[in-house]
Amino acid sequence: MDATEIRSALALSCSLPDGRGRTQRLEMLAAAAEVGPDRALEGAVLLELAKAYAQGGERDLAPVVYARLLRIHDDFPAELGAIAPSVHWYLKWMTSGLIGNPAVPLPTTYRWLDELENRYRQHGYSARPVLALRSDLARELGEHEQAARLLEAAMVAPRDGMSDCEACERNEWGVNSARAGDDEAALAHWRPVLDGARSCTEQPHQVLAHALLPLVRTGRTAQARNAHLTGYPLVRHSPDLRHSVAEHIEFCALTGNEARGLDILAAHAAWLTDRGADDAARLSFTAGVSVLLRRLEALGLGDLAIGAATVYSVRADLEIEIGELSDRFDARNDSTVVGARVATRLAQQPLLEHLPLGLRNTLPRPACPATAAARVTAATEREAEALWLAGLAAARLIDRPAVAERHLRRALSIGATVLPAEHLARLSSQLVMVLSGQPGRESELADAALDAVARWEGISDADAVHLTFVAARAFHRAGRYGEAAALFEQPIAAGKAPYPAAEMAVLRRQYAESLRRLGRFRAAARQFVEAARLVQDDPERIELQADLAWAAATALENCDEDDQALVAYLRAAQLWGALGRVGSRARCLRSAAWVQVWSRSAESDERPWLATMGGLLAELEQLAGTAPSAEVTNELAHTHSQLADMRREVENTGAPDS
């Protein structure tokens, strides 16, 4: 292969999925580049190969490739000058991968840390990332005091171009504190990420997963629910974040949401037999899953089917593997730290009886005859008091909601163990009704609705679905879009549509808006389109149809689906025109024209955008003559101005405009 062919194949390899196929392709290119004269090209191929090893679960192969890359860098500094910063950036990540790889002996890991430190010093880079990596290694060896000292030194060292972003740094700082047993310190480190003040392409994905159990253990259950509902959608499609998926499964197991944990496990069943992940990721995933499986066995569900196997057999096989992986780490580290940490993780007991997370599948549960007898013992007075309070609340639901709320909360507290389940569920629904009429209490309303969902499960699916939507809408109005989207998704994905088509369209619009606010434009577009479909034949919902078509167009444009966006903009413009809404129609047509401008081919003579704008100008000029108004004058001015902008845009990119 000549240099041109290698460059072309290298560019193509970037579109391949991580795994053996991609690394084999890059290995072949590296061999071809090695015998050629272009050292810059060889360096670029080796850099991609080292990254592919790290991302494809073959971290133990990366050091050999990186040693070769560094020799070329040192021997041909001028040729590799353009990629020198990348070489040193990924040297840091390659070294980080060695810490979590038991196949790499400790002396080798220390040598690479020394190599990294020396090179950073020679090139004038800060020691901050090197100190952080040394802290990580000390933590893995169980040397928590040394890890803390090194981390403190890293935190005060200056930041520069080789430093991780603050969100990623805080992720590691929090993990260090959590491993040392200090949940409060961990959460303090994670707080700016949890609050959204710091983020990047990898965060808050991992921080939300790490924080789940610390939040529960410190009594922040509502925040823990938020972290789960918001965080799981961020990691569920990322094989390289399977350790985070495992933390969500573990969280479900320890908060009375075993059925939800099983649902998540079912969605990732292929990972149970996938040995392609590196050892650290594999150990974390299997351990988190085993926490759930142990919990199911404790509930008497060891015979529950998981694929073609059972809870018991899957757990037995996984824990053999867990033991082997732990032994590999401990043998490499000459300690028992990893084995002890994993054993502690597996031995965890439930932290809560049940934390409501919305709709959930129910598990078959062994009969518990003692429950009924326990309920009868000495409960008469408490039951009577709870019923009396419920009666007082019912009398004040309309005229004195604050009083009714107080009575309902007290009745639910006193009657929790003595009232029939359906009675408690109805009281919970009444509390939701009381809160729904009080503006500014959306978060409390959502919490109450989720509690009510949990009470209606197994009694009335319709009530549980309705209350899940109530919670989703409340979170949406409160601006808590991650929780809202997760809750909207639960019944919609299950095919639940408990309301008339027009109301479901409005609900899906709220779901789509939550997705849009989260930057999930493609998913938002699907919901806007489906909402529009629900009312497309309703002549009384033309305005809603137009609004949904416009919103869908905007979302489609944001995810580069220009052809579909154009159709949606034109459909919205047509509907607004039928309603006589001049301004809305004009804005949609101008947006359509801009899509035509941006999606055109620079070599094409076609100018559909010019026809779109010309037609709009003709409409507006006719209205200016027959039905003049301030709105028409304003839209006409905007259209002339934007047409001029479009001409300049086309002129600057070299395509003919007239």
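These remarks concern the structure in this document.

Rules and cut-offs
Residues numbered from 1 in each chain as written. Predicted model: local features only at pLDDT ≥ 70, side-chain atom pairs only at ≥ 80, totals over all residues. Heavy atoms only, no water. Helix = DSSP H or I, 4+ residues; strand = E, 2+ residues; numbered from the N terminus. Buried < 20%, exposed > 50% of the residue type's maximum accessible area, 1.4 Å probe, protein only. Contact = heavy atoms within 4.5 Å. Areas by Shrake-Rupley, 256 points an atom, 1.4 Å probe, with all protein chains shown as cover. Lys, Arg positive; Asp, Glu negative; His and termini not counted. Charge placed at Lys NZ, Arg CZ, Asp CG, Glu CD. Salt bridge = Lys/Arg side-chain N within 4 Å of Asp/Glu carboxyl O. Core = buried A, V, L, I, M, F, W, Y, C linked by side-chain atoms within 4.5 Å. Expected span 1.5 Å × (residues − 1). Phe/Tyr/Trp six-rings, centres within 6.5 Å; stacked < 30°, edge-to-face > 60°. Lys NZ or Arg CZ within 6 Å of the ring centre and 35° of its normal. Axes fitted to C-alpha atoms, helices over the stretch in contact; angles between N-to-C directions. Left-handed = near helix turned anticlockwise from the far one by under 90°. Nonpolar A, V, L, I, M, F, W, Y, C, P; charged D, E, K, R; others polar. Parallel < 35°, antiparallel > 145°, perpendicular 65-115°, else oblique. Polar contact = N/O pair within 3.5 Å; in protein donor to acceptor, adjacent residues only side chain to side chain.

**A closer look at the overall build of the chain**
In terms of regular secondary structure, the chain is built from 31 helices and 2 strands. C-alpha extents for the chain along the principal axes are approximately 85 × 85 × 50 Å. Burial status across the chain gives 49% buried among its 658 residues. Sequence-distant contacts, at least 24 apart, represent 63% of the contacts inside the chain between residues at least 6 apart. Taken as a whole, the chain presents about 30100 Å² of accessible surface, with 53% of it coming from carbon and sulfur. Averaging the coordinates of the 71 positive side-chain charges in the chain and doing the same for the 88 negative ones gives two points 4 Å apart.

**Notes on the pattern of salt bridges**
Following the criterion strictly, the structure yields 56 salt bridges and no others. Put simply, R191 and D195 hold a salt bridge, and the shortest N to O gap is 3.5 Å. Between R581 and E543 there is a salt bridge, with its nearest N and O atoms 3.4 Å apart. Here E543 lies in helix α27 (residues 542–558) and R581 lies in the loop between α28 (562–578) and α29 (582–598), a separation of 38 residues in the sequence. Looking at R581, the relative accessible area reads 33%, which means it is partly exposed. What makes E543 partly exposed here is its relative accessible area of 46%. It is possible to trace a salt-bridge network through shared partners that takes in D136, R139, E140, E172, R179 and R341.

**Details of the nonpolar core**
Formed by 72 residues in total, the largest nonpolar core has its most connected members in V432, F469, F528 and L548. When residues in this core are grouped by element, the largest group, 9 residues, is from helix α23 (residues 461–477). Residues in contact with F528, not counting those within four places in the same chain, are R509, A512, E513, L548, A551, A552 and A555. Among the nonpolar cores identified, the runner-up in size contains 55 residues, and V207, I249, L262 and L357 belong to it.

**Comments concerning helix α7 (residues 128–140)**
Here α7 is 13 residues long and its end C-alpha atoms lie 19 Å apart, about the 18 Å a rise of 1.5 Å per residue gives. All buried positions along α7 are accounted for by R128, P129, V130, L133, R134, S135, D136, L137, A138, R139 and E140. Where α7 is buried, its residues contact α5 (84–99), α6 (106–122), α8 (144–156), α9 (166–179), α16 (311–333) and α17 (337–346). Backbone geometry just after α7 places G142 at a positive phi near 85°.

**Observations concerning the packing of aromatic side chains**
Inspection of every chain in the model, using the stated rule, returns 7 aromatic pairs. Above the plane of the ring of W89 lies K92, whose end atom (NZ or CZ) is 3.4 Å from the centre. Directly above the ring of W271 sits R242, whose terminal nitrogen or CZ lies 4.8 Å from the centroid.

**A look at the environment of P608**
Note that P608 resides in helix α30 (residues 608–626). P608 gets classed as partly exposed once you look at its relative accessible area, which sits at 36%. Distance from P608 to Q596, taken between C-alpha atoms, is 6.6 Å for residues 12 residues apart in sequence.

**Thoughts on the side chain of D330**
On the secondary structure map, D330 appears in helix α16. The buried charged residue D330 lacks any salt bridge partner; its closest oppositely charged side chain belongs to R341, at an N-O distance of 7.7 Å. In this structure, D330 is in contact with S335, T336, V337, V338 and G339, ignoring residues within four places of it in sequence.

**Focus on the packing of helix α15 (residues 279–298) against α16**
When two helices pack together, you describe them by how their axes are tilted relative to each other and by the distance separating the axes. For the pair α15 and α16, the least separation of the axes is 9 Å and the interaxial angle reads 145°. Relative to α16, α15 is oriented so that their crossing is left-handed. Mapping the contact onto sequence places D279, A280, R282, L283, T286, A287, V289, S290, L293, R294, L296 and E297 in α15 and V311, Y312, V314, R315, L318, E319, E321, I322, L325, S326, R328 and F329 in α16. The residue makeup of the contact of α15 with α16, split by class, is 13 nonpolar, 3 polar and 8 charged.

**Observations concerning helix α2 (residues 20–34)**
Its 15 residues place the ends of α2 21 Å apart at the C-alpha level, agreeing with the 21 Å of an ideal helix rising 1.5 Å per residue. By the burial criterion, the buried members of α2 are R22, T23, L26, L29, A30, A32 and A33. Looking at the buried residues of α2, the elements they touch are α1 (3–13), α3 (39–55) and α4 (62–75).

**Some thoughts on the side chain of H476**
Counting through the fold element by element, H476 comes out in helix α23. Not counting the four nearest positions on each side in its chain, H476 is found in contact with Y481, A484, F488, Q510, E513 and S514.

**Considering unusual backbone geometry**
Put simply, Q203 and P204 share a cis peptide bond, and its omega is 20°. Within the element layout of this structure, P204 appears in the loop between α10 (183–194) and α11 (205–217).

**What about the environment of L113?**
For L113, the position within the fold is in helix α6. Residue class for L113 comes out buried when judged on its relative accessible area of 0%. Taking C-alpha positions, L113 is 6.7 Å from T95, a pair spaced 18 residues apart along the chain. For L113, the contacting residues outside a window of four places in its chain are T95, V130, L133, R134 and L137.

**Digging into the packing of α3 against α4**
The contact between α3 and α4 brings their axes to 9 Å, and the two run at 155°. In terms of orientation, α3 lies roughly antiparallel with respect to α4. Seen along the crossing, α3 lies across α4 with a hand that is left-handed. Contacts from R39, E42, G43, L46, L47, L49, A50 and Y53 of α3 reach α4 at A62, V65, Y66, R68, L69 and I72. Residue classes in the contact of α3 with α4 are distributed as 10 nonpolar, 1 polar and 3 charged.

**A few points about the environment of D38**
Mapped onto the fold, D38 is located in the loop between α2 and α3. Here A40 takes part through its backbone nitrogen, which lies 3.1 Å from a polar atom of the side chain of D38. A distance of 3.0 Å separates a polar side-chain atom of D38 from the backbone nitrogen of L41.

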